[in-house]
Structures are given as C-alpha cells and as structure tokens.
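Coordinate analysis (summary)
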Amino acid sequence: MDILVSGLLLAGTYALVAMGLNLQYGVARIMNLANGELLVLGALASFWLFVSAEMSPLLTIFLVAPVAFAGNWLIYRFLLLPLVKRAKSQGHLEVDAILATFGMSFIMVGLMLSIHGEYFTYEFLTQPITILGSIVALNRFIAFLIAVAIGAGLYLWLNHTRPGAAMRAVAVSPEAAGLVGIDVARMSAFAFATGGAVTAVGGALISTFITLDASIGVLFTMKALIIVIMGGVGDIRGAILAAIILGIVETAVATLIDPGLTLTAAYLIFLLILLFRPQGLFGRRAT
Amino acid sequence: MRQTGSVLSVNGVTKRFGGLVAVDNLSFDVAEHEVMGIIGPNGSGKTTMMNMISGSFKPTAGAISMKGARISDLPAQEIARRGVGRTFQLVRLLPSLSVLENVVAGAVFGHRKRWGRDAEDQAHRMLERVGLEAMAYAPISALTYIDQKRLELARVLAGEPEILLLDEWLAGLNPTEMETGIELIHDLRREGRTIILVEHVMDAIRSLCDRCVVMSSGAKIAEGTPEDVLSDREVIRAYLGDDDA
Amino acid sequence: MNSTSWKEPSIAAIVAILAASVPLVFDAYWLSVSVTAMMYIALSTSWALFSGPTHYISLATGAFFGIGGYLVGTGMSDYNLSFWLMAAIAPIVATILAALIGLATLRLSGVYFVIFTLGLAEMIRNLVSWIQNNFLGSRGLYVLTDFTESHIYWMLLIIACCVYLLGWLVNRSRLGFALRIIGNDESVAKHVGINTAMSKVILFMTTGFFAALVGAVIAPRYTYIEPNQVFSPELSFLVVIMALLGGAGRLWGPLVGVIPFTLIWEFVSIQAPNSTTLFLGLVFLLIVYVLPHGFVGRIDQINKKLKERSH
C-alpha cells in the first residue's frame, strides 16, 4: 500500500513532465533531449529562490513558467526553426534536433554546474501526513495536486478551445493543418514553449521532494521519453497510465530491491514496450 | 475463382486501419503476361491493395499467393526477392546516389542477384531501355519529373521482376510526357510482362489493360475488359455519384 | 578495381606506419595523449561504420567500452583469468548484447534506438554495481599486466587498422551498398529486396565488438577498474562528437575529427576543468549549425569550388 501511494504521487509529476515532452515532440516534432535539463533548471530556480530569498516553491512556479515559456519560445524560433526549414525529411530533422538538443543540454548542465555544483538540498513542507493509511511527506502530496491541476487544465484547454484544437490538428498532420489556415510554425513554437514551461514547473515541484543536482537531467529525460513512448506519442491518457506504471514500478524496485536499480527497472519496461507494443499502450497496431 | 496459369492470386483480402475498412474482402487473379488495371475513385483502396501485394502492409484477413505460394505474410524484402517489383505513388529515388547507382540498387538486391560489372552492365541496359542512358552519371537533382519516373522504373526493371506493380506511374505528367510514358508501358506490355497498374488516366487504361478490377470503398464492384467495366452502370455511379447514373 | 580505389588504402598504410613510430619519438606526456587519440580513432571510426550511412546516432559506445574494461577487470581480479582470454571474451559478449539491442530497436524508427542507447551505459553501470556489491563483494578490480603505454598504443593502432580495413571492405561489399540505400530511403531499400533490419544489426554488432575490444585493451592503462569509471556516458558523446566533427560520411572522416578534438579537449581539461561540459555543448551546436557534414564535408565543398573556378 505504501508503495502504491508513493508510486502514485510520484506518477503525478512524471505525467506532467511527460506531457511537456509530448507537446514538444507530438506537436512541434522536436525530440527534445534537453528536456531533463530544463526540469533541473526549474528545480535549481526553486532551490535557489528558496535558499536565498526564502521564496516558497509554490510561488516560484509562477515565475518559472513564464520565463521557461519565453526561453523555449526563443530557442524554437532561433535555433530549431532553422533546422525544421532546412530539413529534407522527417528523419533528417530528427537527427539534427537530437544533436542540437544534446548540445543545449550540455550547455545547460555546464552553466548549472558553474552556478551550483552541489546537490539542491532544501526542506519544504516535510511534515508527514496520512493518506489511505500510508504516511507520506506533505510536499509530495502538494506537488501531486498541483501537477494534476496543471495537467487537467492543459487537457481541457487542448480538447475544448480553438487554439487547443489547432494544436491537435498540427499534431495529426502539419501539412493538412497548414492547408486549413493554421499557422503551423507559430503553433509549433507555442507548443514547444508550453511544453518547456510545463517541464520546468514539473522540475520545481519535483525538487521539493527529490534531491537533484546539475547533471541528473539525462535520467529525467530518459524517464519522460519512456513514458511518452509507453503511452504512445500524443496520447495523454496513455501518458498518464504509463506514468503511473513507471512511478509504481520504480517505487517498488527502490523499496523492495535496491534504489540503485530504478533505471534498470525503467529499462525493463522500455524493452517490453519496444518488443510488444511499440505503438504505445492504447495505440492501434498499424499492421 | 482460381484460374490455371495465374501468377498472382488475391483471395478474400481485407485490410482495416482501426475502424476504417480500406480493402474489403477483395479477390482477383492475374495471369502470366497479363496487364491488370486496378481502378476506382480516390480513396477506394487501390494503393492499399498495391501495398499489400508488395508487402508494405500485411492484410488483416485473406491471402495473397504468387504461383501458388502464400506471400502475404512475408516481409517486403522477401516479396521483392521473389520477383515482385514496384514503383511508388510519389516517386522515391535515392538522392545521394548517382543515376546509375540508383539503378544498380535494383539490380544488386533484386530477384536475380548481380554484383560488380554485371550489375553495372544491367543498370546501363535498363537506363537505355527507359531512354535515360545519357544521364547515367548525372546527380539525381538534375532530373526532370518524367526522368525521375523513368529512373524509378529502370530501378525496378533492373531487378527483373516477374510481376511489375505500377502505382499511378503516369500521374503528374504533362500531355507530351504522358504520351512518352504510355508508349514506354506499351513496350513493356509487348515484352510480355505481367503488370498490375493503378491508374486514373482512362486513355491509358483502355489502351494498356487486358482486364480491370474496379474498386469502390474498398470492395470490388466490377471486373472485366476495360470496355465492359467502363460502361458498367455501377462503375459509372461510383465515379460520378448517384445523380448521374 | 580502378586506381583510385587503391589510393586511399595506400595512403592509410603509410599513415599507419608513421603512426607506429610515435612511441619511439614522443615523450611520456605526448605518448599518453597519443594513446587517448588512438583509442578515439578506433572508437569513432567503428562508430561511423554504422552511424555514417544509416544516420542512427548510437550512444551505446560507453556501454560496450565499459563491458570490455569491466570484464577484463572482473575476470583477472575475481576469477584469476588471463588478460588475453578476457580480451577475447569481452568483445564477444558485447557483440551478443549489440545483436539483442539491435534486434529489439533497429526494426523501429531511429528515435527509439537513440533513446534506448542514451541511458544504456548508465543502466549497465547501475546493474553491474548492484551485482558487484551484492554477489561478488565490493572489492576493487585490479588489472595488473606488464604492458607499457607503448604496448597499449601499438595494440590500439592494430585495432584501428583492422577497423579501417573492415570499413574499406564493407564499403566495397553488397552490405555497404545496402546501408547507403537504407540511409537514403528505408522503404525503397526494402522493396529492392534488402533485409534492412539484418543489415543494420550486423553493422551495429561490429561497432559493439570493436568498442568492447578497445575497452579491454585499454584497461591495463588504468590498473584499478571501477564500474563507475569504465561505464562512462560521456565517452559515448565524445565518440559521436569526434566522428561527426570529422565527418561520418567517409572512412577517414572521424580521424580528421579526433586529432584536433583530442588536442583541444586536452587543453580545455587542463585550463578550464569546470567548463568541459559547456565546451562539449558548444561543439555539438557548432557541428549542427556550421559543420553539418564535418570537416570532410567542408573539404569536399572547397574542392568543388576550386574545380568550378578552374573550369
């Protein structure tokens, strides 16, 4: 029961981060391998403002979101859009995007190391509470609630507003979306920026209950990617279920076997997905 | 349904994409040296059918056999090796290879494996065959649209396919190019090749095809000589809509 | 065979003979830099054999390299086996692993492959540490041999020559031609009769083989082996950077990237040890935005311009 509760709480933030990556890959067609570093950057902002200005991480996210949005918009507009324009094919763009975002991730790690090379340790809302008979720290629960709220808001926005519909149209087919008068480049920039903002907020939330450091981003990139692939690219329901599975399996492995094996467990899930359901949990097999 | 001497037979083939039935319980046979046309309105499942014959898609139900052996559960490369060659609806070339190398690609891995000198000689013959010999050492970017189409055809012919699949090979050509194109397929027909073609150009269908299968919404609605099927009431209705029938 | 096809291997043979004399002329510091460079030459060239034509970015080098180093360490320390035996076993283990990874991921799109290899070294490191701690006891692994830096250098040179020779043969084979077609259009490749998955897996296995062999041969240099040190994700990235910087489209491309990069890397590591990560990032961006086909692409471009001008 403890495992289920902690796993589920962890899954909330995982799902949020995966949602950010999903927007970037599903709509803007950029496989952003600097996603984890962005998360850590959000965490660093939260840590730094808490330690230096005693600012609550719950307030920091309102600062992190617009800054990350603007930063990601600029990155898309000036670094990634030129790649989209010069790409001869989707495969070509994929390779370029992978290399460019690797470059960005290294630069971000390098900068963060020079800002704060140690662990981001701080204590925020650590008092224990009881949920369904399990004792957990309040920060985990709060982070979960905020993640769920943001995720739900995003879901409603995508499914019930005009810009949301336009964004889904670009996700399905950029060509067709362009034909019906949607500004694909703008929508892609917007999706990339929103995805980045969501990821950075996720990072700020995670930092309240997991101790991060500047170079841990790649692990979160891996997890987000595994969730997106498991759930099926662009499939929000799938991503939520995948996040829950990953959250619970990781917590179970960490509690029952060894915390050092969580990545191995994630890989095992990844391998099973690649072998048996590469189209995602809910995806329909095309053959 | 099964005729003796049929090279390819399609038996009750169905293809579903999620809830959409793209091809619905389709059956037909193609005899040796026959030119078979698959025609029908846009979205009627013609290209999907071609993709199943060439192995790009696996049928959801039913079977496709070549000379009595089932090929519909084989991967595309295996079907190609057994002698099914295809062109693509939107011409697909290998841009970083030269014109000659594009054709060598067809000769090397195809149905009859060649290598080195042998493959190059074969490629030169095929380029000559489609009238592109002069461009053998040019880069792909130097080709006009019809030349790209010719090159793709040369690549397929280089593999000496027993069954040739042409997916809207004439589409997008201007009237002069069209004449050249039809003449080229006529030549192939005279050589006695077995060809299955998907086409919208009615003149081409009339003059090239021995028989046609007409598809509408994934199902076969008529089969016979081009004259017969093109005067069939149901075929006209499928093409022009109910009001005009 | 025409005369130009023999020109490259002839030049390569001369370069190899010159390279063999390095330990006789260089002092200890420069020999050590040369060992590092030779290691990266072997790794990057074999990486490019697979990734050059297919455009699949493999980040598995660190994992295979680590398997080489670790197996030599554990074999010699835990089981008292000889260096030579372990150096023979390690590449075989890595080849089998590469085959399994390849079969699971290479039939899918390239993105899955990149993602899978991205965390591979880290995952194997975690797994190996766990096994080492729980079942083998966490003793240090010692690789004690009589090899000097010069010996290691020469062994790496031989491996690099083998990689080069293999690449030269592959480029002239049906397999090499098949990979070029796959890199152009995988769908066409299938329909002309190429078993695309198998071709990719075979080439990926050879890069796994050589990376583990290099990892095994260089293990004596470190004497003391620790999983955390040999399974280095950074190594995978360095190999990618050097190969792409030189140009993965040619057999000698990675070589052209390794030599300047190793020198600059050496300089940066000494002068600004805290900025190496930042530096790596900048080089990645340099490759994407300024040198998309590496130095080799630039050289080809300049040659072409000179030719046009002389006409």
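Every value quoted in this text rests on a predicted model; they were computed, and no experiment measured them.

**Some remarks on the overall build of chain A**
If you tally the helices and strands in chain A, you get 11 helices and two strands. Counting helices and strands in the order they occur from the N terminus, chain A gives α-α-α-α-β-β-α-α-α-α-α-α-α. Over its C-alpha trace chain A gives a radius of gyration of 18 Å, about what one expects of a compact globule, namely 19 Å for 287 residues. Viewed in the frame of its principal axes, chain A has a C-alpha envelope of about 55 × 45 × 35 Å. Counting over 287 residues, chain A shows a buried share of 55%. At a minimum sequence separation of 6, the contacts of chain A that also span at least 24 residues come to 75%. Approximately 12000 Å² of chain A is accessible, and the part contributed by carbon and sulfur atoms is 69%. Of the side chains in chain A, 14 bear a positive and 13 a negative charge, and the two mean positions are spaced by 17 Å.

**What to know about the interface of chain C and chain A**
In this complex, chain C contributes 35 residues to the contact, which on the side of chain A involves 39 residues. Here chain C packs against chain A, burying approximately 3300 Å² in sum over the two surfaces, 81% of which is carbon and sulfur. At the boundary of chain C and chain A, one finds zero salt bridges. For the side of chain C that touches chain A, the secondary-structure elements that each account for two or more residues are α5 (83–105), α6 (110–118), α7 (120–136), α13 (233–246) and α15 (276–289) of chain C.

**Side note on the interface of chain C and chain B**
Between chain C and chain B, the contact holds 17 residues from the first and 25 residues from the second. Taken over both partners, the interface formed by chain C and chain B buries close to 1900 Å², and the fraction arising from carbon and sulfur atoms is 60%. Its largest share of buried area at the contact with chain B, chain C owes to Arg174(C), Phe177(C) and His191(C), together 37% of the area lost on that side. For the pair chain C and chain B, the interface holds two salt bridges. Its salt-bridge partner being Arg92(B), residue Asp185(C) comes within 2.8 Å of it at the nearest N-O pair.

**Some details on the sheet that holds strand β4 (residues 61–66) of chain B**
Across a sheet, strands are paired by hydrogen bonds formed along the backbone, either parallel or antiparallel in direction. Residues and elements named next belong to chain B. Sheet architecture is open: four strands sit in the order β2-β1-β4-β5, paired in antiparallel fashion. Edge positions in the sheet fall to β2 (20–31) and β5 (69–70), since each has one partner strand and no second. Two elements, strand β1 (residues 6–17) and β4, share five bridges in a ladder whose sense is antiparallel. Each bridged residue has a counterpart across the sheet, and for Ser9 the counterpart in β4 is Ser65.

**Remarks on the pairing of β1(B)**
Residues and elements named next belong to chain B. Pairing between β1 and β2: eight bridges, direction antiparallel. Note that in β2 the partner of Arg16 across the bridge is Val21. In sequence, β1 turns back onto β2 through a hairpin of two residues, with Gly18 there showing a positive phi of about 60°.

**A word on the pattern of salt bridges**
Residue and element names in this part refer to chain B. Tallied over the full model, the rule gives 25 salt bridges over all chains. Between Arg114 and Glu160 there is a salt bridge, and its shortest N-O distance comes to 2.2 Å. Of the two residues, Arg114 is situated in the loop between α3 (99–109) and α4 (117–130) and Glu160 in the loop between α5 (145–158) and β7 (163–167); the sequence distance between them amounts to 46 residues. Look at Arg114 and you get buried, because its relative accessible area is 14%. Residue classification places Glu160 among the partly exposed residues on the basis of a relative accessible area of 23%. One salt bridge connects Asp147 with Arg150, and the closest N-O pair in it is separated by 2.9 Å. A residue pair is termed a helical-turn pair when its members lie 3 or 4 positions apart in one helix, as Asp147 and Arg150 do in helix α5 at three residues. It is possible to trace a salt-bridge network through shared partners that takes in Glu34, Arg211, Lys220 and Glu223.

**A few points about the environment of Ala119(B)**
Along the chain, Ala119(B) turns up in helix α4. Those residues within four positions of Ala119(B) in sequence are excluded, and the remaining contacts are Val104(B), Ala107(B), Val108(B) and Arg114(B).

**Examining the sheet that holds β7(B)**
All names here are of chain B. If you trace the six strands from one edge of the open sheet to the other, you get β6-β7-β8-β3-β9-β10, paired in mixed fashion. Looking along the sheet, the strands with just one partner apiece sit at the ends: β6 (84–86) and β10 (219–224). Put simply, the sheet's adjacent strands are angled 20° from each other on average, direction ignored. In the sheet, strand β3 (residues 35–39) pairs with strand β9 (residues 211–216) via four bridges, with the strands oriented parallel. The residue bridging Ile38 from the neighbouring strand is Val213, located in β9. Sheet contacts for helix α6 (residues 175–190): β3, β7 and β8 (194–198); angle to β8, the most-contacted strand, approximately 150°.

**What about helix α6 (residues 162–172) of chain A?**
Residues and elements named next belong to chain A. Inspection of α6 places Gly164, Ala166, Met167 and Val170 among the buried residues, and these make up the whole buried set. Down the axis of α6, the buried set is contained in an arc of 160°. They therefore lie on one face. For α6, the exposed residues set more than 90 degrees away from the buried face come down to Arg162 and Val172. If you follow the buried residues of α6, they end up packed against α1 (2–27), α5 (138–160), α7 (174–179) and α8 (184–206).

**Quick look at a nonpolar patch on the surface**
Residues and elements named next belong to chain C. Among the surface-exposed residues, Leu24, Val25, Phe26, Tyr29, Trp30, Trp154, Leu255, Ile259, Leu263, Ile264 and Ile270 lie close enough to one another that they form a single nonpolar patch of about 1100 Å² accessible area. Sorting the residues of the nonpolar patch by element identifies α2 (22–25), α3 (28–54) and α14 (253–271) as the ones contributing at least two each. For the nonpolar patch, the element with the most residues is α14, which contributes five residues. Examined against the element boundaries, Leu24 turns out to sit in helix α2.

**Here's the deal with the packing of aromatic side chains**
In this structure the tally under the stated criterion is 34 aromatic pairs over all chains. Here Phe261(C) and Trp265(C) contribute two aromatic rings whose centre-to-centre distance is 5.8 Å and whose plane-to-plane angle is 15°, an arrangement assigned as stacked. With Phe261(C) and Trp265(C) both in helix α14, this residue pair falls four residues apart, about one helical turn. Grouping residues by exposure puts Phe261(C) and Trp265(C) together as buried. Members of the aromatic cluster, connected to one another through ring pairs, are Phe47(A), Phe50(A), Phe120(A), Tyr122(A) and Phe124(A).

Reading the values: the criteria
Residues numbered from 1 in each chain as written. Chains lettered and ligands numbered in written order. Predicted model: local features only at pLDDT ≥ 70, side-chain atom pairs only at ≥ 80, totals over all residues. Heavy atoms only, no water. Helix = DSSP H or I, 4+ residues; strand = E, 2+ residues; numbered from the N terminus. Rg over C-alpha atoms; globule rule 2.2 N^0.38 Å. Buried < 20%, exposed > 50% of the residue type's maximum accessible area, 1.4 Å probe, protein only. Contact = heavy atoms within 4.5 Å. Areas by Shrake-Rupley, 256 points an atom, 1.4 Å probe, with all protein chains shown as cover. Lys, Arg positive; Asp, Glu negative; His and termini not counted. Charge placed at Lys NZ, Arg CZ, Asp CG, Glu CD. Buried area = accessible area lost by both parts, 1.4 Å probe. Salt bridge = Lys/Arg side-chain N within 4 Å of Asp/Glu carboxyl O. Pairing = 2+ DSSP bridges. Axes fitted to C-alpha atoms, helices over the stretch in contact; angles between N-to-C directions. Arc of directions from axis to C-beta. Patch = residues over 30% accessible without salt bridge, like charges linked within 9 Å, V, L, I, M, F, W, Y side chains within 5 Å. Phe/Tyr/Trp six-rings, centres within 6.5 Å; stacked < 30°, edge-to-face > 60°.

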